[in-house]
Amino acid sequence: MLAVILSRLARMVVVMVGISVITFLIFFATPGADPAARIAGRNAAPETVTAVRHDFGLDRPIWVQYGVMMRKMFVTGDLTSFVNRGQKIVPTLTAAAPVTLSLVAGAAVLWMALGAATGIIAAAFKDRLPDKILMGVSMMAVAMPVFWVGEMVNLVTQSRLHDTWAFSWVPPLGYVPLSESPARWFLALIFPWITLSFLYIGLYGRMLRTGIIETYQEDYIRTARAKGLTARRVLLKHATRAAIIPVVIMFGMDFGVLVGGAAVLTEVVFGLNGVGRLTYQALKVLDLPMIMAAVLYASFFVVLANAVVDLLCILIDPRLRRK
Amino acid sequence: MITKLTPARPGRWAATVATIALLAGLAPGFAAAQDAHRGGTLRLVSVSSQGTLDPHVNYTSQFWQLYAFLYDGLVGFKKVGGPESKEVVADLAAALPEVSNDGKTYTFTLRKGVKFSNGKEMTTDDVVASFQRIFKVLGPTAGTFYNGIVGADQCLAAPADCTLAGGIVADKAAGTVTINLVAPDPEFLFKLSAPHASILPAETTAKDNGNAPIPGTGAYMVKSYDPNNSMVIVRNPAFSEWSKDAQPEGHVDEIDYTFGGTEEAAVNAILNGQADWMFDQPPADRLAELSTAAPDQIHLAPLSAWWYAPMNVNLAPFNDVRVRQALNYAIDRDALVSLFGGPALAQPVCQVLPPEFPGHVDQCQYTLDPGDSWSAPDMDKAMQLVEESGTKGEKVTIVTEDNAASRGIGTYLQSVLSDLGYEAAVQTISGDIQFTYIQNTNNKVQLSISQWYADYPAASNFLNVLFGCDSFHPGSDASINIAGFCDKGIDDRMKAAIALGATDPAAADAEWAKIDGAVMEAAPALPLFTPKQVDLLSTRVGNYAFSNQYHWLIANAWVQ
C-alpha cells in the first residue's frame, strides 16, 4: 500500500513539474508578455521601467526566474502578483479555495444523486414514457451552455421575478462563508448548485442508462434472474453496481477539474470569487505568478481526485481487488 | 494614463451639476439639512479590484476615485462637481504656495493639527519622506511628473538612496516645506494634486505596501481590503474638517466595496436596491431599458478623454502624410459613435484636445466642409490623396483590443481601408497586453486603436505626452507616443507653450489650440470620439456630483 501511495506521489510531482515548466515557457514565448512596462504603469519613464524590471528580477536568466518563483511559491510562500502589486499569491488562492469547494462539492452531491436516479429510472423503464421524458430532458441539459443557464436563472430570480413571492427570498449574488452563517451560505449557493449540476445530471444519467442496458446482456445477469432474484435486486445490486464504475471514474475527473477552476463560468455568473474566477482574471491580464499557482493547484486536484477514484472503484467492484 | 483613469468634465450636464453645486453652497439652513443626511452605508460594486492599495503606486481611476477621500497632498483638486473641480486648492498646506525664483521655488506652510488615521500628527518629516518615497517605490509617474524636482535625477538612477537633497527642504520649527525645481513648471501644482504625491506617514515602508492600508489624512480610512472580495472603508477617527473644498467630511459612515460578478449582475443588483453604484459601465444593451425604467438613476458626463487610432508614421503606408490625411477624410465619425453605443455615450471628434479642455477650440480639418465641426466624410478627397501617394494595394494590419467596441471599430476601419484600395486585416489582442504591445516599435504595428484619459487639465497632457519627441522610445514597451511622431518644429512649439503657461496661461492656451491644428495637419492619429461616463445609482443615493478629476465624488453623496 505504501509503495502504491509513494508511486502515486512521485507521478504527481512529475506531472506538476512538467505542467509548470510548460506554462512558464508559454508565458515567455508570448509576444508582449514582458510585464515590466505594465507593472511600471502608463507613460512611465524608461528609468522606471528598467528599475522595475530589475526589482522584479525580470532581467535574470529564465531558469533563474523559474527557480526563484518555485522557491517563493513552495518554500517561502511570499510569491507576489505581477499585476496586483503587493498581492500575495498563496494566501489569495487559499482564501478562494473554500468558495470553489463549497460550490463544486454541493453540486457534486446533487448531480451524483439525481444523475444516478435518472439513469436507473430510465434504464428500468427503457423505451417507455418515463425513459423518453428523462432522456429528452437530459439531452437538453447537456446541450445548454452553463453560462446561459446561469444568466437565465439570474434573469428570473434576480431581475424579472425577483419581487414576487416565488423568488423574493433569493439573496443577492455572492458568497457567504459557511463559518459566518450556515443558513445564508446554503441559500446563496442553491441556484449556483442547480446550475452547475444541471449539465452533469444529464450527462451522468445518460451514461448510466446506457451502462445498465449493456450490463443486462451479461451472463451473470441472466444467472441472477435464473436464481429467481427480484427485478429490483438485479437492477440495483448487480447491473447498476457494475455499470456505475465508468461513471465514478468520470466523476473523479470532473470533480478534480471543477475544483481546480473549471467552474469559472458558474462562479462569474453568480459572483462567487473562487479559484476559477481568479485563474480567469490572471489569464486576462497575463499575471504569471497567479497563473502558475492556479495551474499547479488545478493539476494537484486532478491527480488527487483520480487517485481517490481508483480506490473507490476497488471498493465498488470486487473483481478489481483480486488482481 | 490608464484606460480606467478618466477625469472628465460636464458639458451639457454643466447645468445639472452646477445646480447641485449651487444647492450645496446655499445658505446655512441647507447645511443644517445636510446633517440629517449623515450616516448610513454606501454599497459599491465592481467586477474586479485594481491591485495595490498604495497611493504612490496605483495608477487607476477606480482607486484614484477612492484616494480623493482617503489621502491628501499639499494641494488638491477642489472636491466639487462642475467646472470648478479642476481648480487647485490648498489641502495639507495652509494656503497655496508662494512661488519665487522665477517659478522654480514653491514654499508651502503646513496646516497644524492635521492627524493621520493612526493618530500621529502630520509634520514636515512626513512630507519629505513622502516625496522620497515616490522614487523609492518606483512610482509610475516618478520619471514623468516629479522628475523636475532638484535631485530627482539621482533618485531615478538609484531609487533606494533617494534623498532629493536641495529639492525638498523642510523647516520643521516653522512648519514650512520648500520645493526647488530645475526649471519652471506651470503644471507642477496639478502634479502635486495627483494621488501619487499623497503625504503618508514618514515611517511607511519604502516598498510597494500592497494590500495593507497605509494611514492617511483623509476623511475616511480603509479598514480592510481583500482584492478578491471586498474593501471596507470607515470614517477616519482622527479627522476633523479643515477645508470643505479640499477634504470635505463625508456624509456616509461606511463604504462597502465588493468585487466580483458581472456588469449584468451589477445592474440587476442596483435596480433591486442591493447595491448603490457600479464602477464598470453598464452593458450597452441594457441602456435603452435603463433610460425608460430608471431615467433618474442614470447620470452622464463627457470625459476628458479620446478614443483614437495612432498611425505609425515610420512604417509604410503611413509614413506618407497623404495616406494619414486620406484615412482621416474617409472615416465616418457618426458610424464610430454608433459603434460605441450612440450619441448618448460618445460624441464625434476630429482634433486632439477634448471639448471644454484647456486649449480646446472647435476645429475640424477632415470633413466635407472644413470648419468648426465634423459633418460628413469626404471620400473623393481621400481617394485622390491615396491615388497621389501611390500606395494603393499595400497591406495594413489594425491591432485592436479584445472588447466589443475596439473590435467593432477595427472591423469598420478595415472596411474603410479596403474602400481606399488597401489590403487590410484586423488583429485582436487581449486588452491588457495590447496597450504595451502597440507601443513597442519592434512589433511593427502600423495602425492600432487606443484611448487616452487626462491626468490633469492641461493641454500638454494630451499633445506633448502623446505626440512629443520625449515620449518616443524605440524598442521599449513604454513609449506612449505610439505613432512615433516627432516633428522638431511642433516639439519646440510645445515646449515653448509649456513655458509660456507659467507666465501667461491664456496666451498659452491659444497657442495650444494652434498646435492642436498643426498636429492634426500632420495627422499622426485618427481621432475617433470623446467617450462619456455613465453612472448608475440606486434610488437611495442623493447629492450626486461629478468632478473632472475624481469622477463621482463618493464622499459628497448621501444615502437615505
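Residues numbered from 1 in each chain as written. Chains lettered and ligands numbered in written order. Predicted model: local features only at pLDDT ≥ 70, side-chain atom pairs only at ≥ 80, totals over all residues.

1. Points about the domain arrangement of chain B
All names here are of chain B. Along its sequence, chain B is organised into domain 1 (72–197) and domain 2 (305–533). Across the contact, eight residues belong to domain 1 and nine residues belong to domain 2. When grouped by side-chain class, the residues that make up the side of domain 1 that touches domain 2 number four nonpolar, two polar and two charged. (Domains from an automatic or database assignment. Contact = placed C-beta atoms within 7 Å. Nonpolar A, V, L, I, M, F, W, Y, C, P; charged D, E, K, R; others polar.)

2. Remarks on helix α5 (residues 89–124) of chain A
One turn of the α-helix equals 3.6 residues, which is why residues spaced by three or four share an orientation. If you check α5(A), its first and last C-alpha atoms are 50 Å apart, about what 36 residues at 1.5 Å a residue would give, namely 52 Å. The largest bend along α5(A) reaches roughly 25° and is located at A97(A), with the proline P98(A) sitting one to four residues downstream. (Helix = DSSP H or I, 4+ residues; strand = E, 2+ residues; numbered from the N terminus. Expected span 1.5 Å × (residues − 1). Bend = angle between axes of the 7 residues up to and from the residue.)

3. Digging into the UniProt feature "transmembrane region" (unreviewed entry) in chain A
Residue and element names in this part refer to chain A. Residues given the UniProt feature "transmembrane region" (unreviewed entry) here are residues 12–30, 101–125, 132–150, 185–203, 242–270 and 290–316. Along residues 185–203, the helical share is 100% and the strand share 0%, with 27 Å between the first and last C-alpha atoms. When the span residues 290–316 is considered, its composition is 100% helix and 0% strand, and the gap between its end C-alpha atoms is 39 Å. (UniProt positions renumbered as here; feature names shortened; annotations may be inferred.)

4. Quick notes on the sheet that holds strand β11 (residues 277–278) of chain B
Sheets are built from strands paired through backbone hydrogen bonds, the pairs being either parallel or antiparallel. All names here are of chain B. Here we have five strands laid out as an open sheet, ordered β8-β9-β10-β1-β11, and mixed in their pairing. Both outer strands of the open sheet, β8 (220–226) and β11, are each paired with one neighbouring strand and no more. Taken together, the two bridges between strand β1 (residues 41–46) and β11 define a ladder with parallel strand orientation. Across the sheet, V45 pairs through a bridge with M278, a residue of β11. (Pairing = 2+ DSSP bridges.)

5. A word on the packing of helix α8 (residues 182–215) of chain A against helix α10 (residues 231–262) of chain A
All names here are of chain A. Across the interface, α8 lies against α10 with an axial gap of 8 Å and an inter-helix angle of 145°. α10 is crossed by α8, and the crossing has right-handed handedness. Between α8 and α10, the contacting residues are Y200, Y204, M207, L208, G211, I212 and T215 on the first element and A239, T240, A242, A243, I244, P246, V247 and D254 on the second. Grouping the amino acids of the contact of α8 with α10 by side-chain chemistry returns 11 nonpolar, three polar and one charged. (Axes fitted to C-alpha atoms, helices over the stretch in contact; angles between N-to-C directions. Left-handed = near helix turned anticlockwise from the far one by under 90°.)

6. Focus: the sheet that holds strand β6 (residues 168–171) of chain B
All names here are of chain B. Strand order in the open sheet formed by four strands is β4-β5-β7-β6, with antiparallel pairing between adjacent strands. Strands at the two margins of the open sheet, each flanked by one partner only, are β4 (98–100) and β6. Taken over all neighbouring pairs, the strand axes of this sheet differ in orientation by 20° on average, direction set aside. As paired elements, β4 and strand β5 (residues 105–109) share three bridges and run antiparallel to each other. Directly across from S100, in β5, lies its bridge partner T105.

7. Describing the interface of chain A and chain B
Tallying the contact residues gives 45 residues for chain A and 47 residues for chain B. Only α2 (36–40), α3 (46–55), α5, α7 (146–160), α11 (264–269) and α12 (275–284) of chain A provide two or more residues apiece to the side of chain A that touches chain B. If you tally residues by element for the side of chain A that touches chain B, the top one is α3(A), at seven residues. Looking at the side of chain A that touches chain B residue by residue, the class counts come to 20 nonpolar, 16 polar and nine charged.

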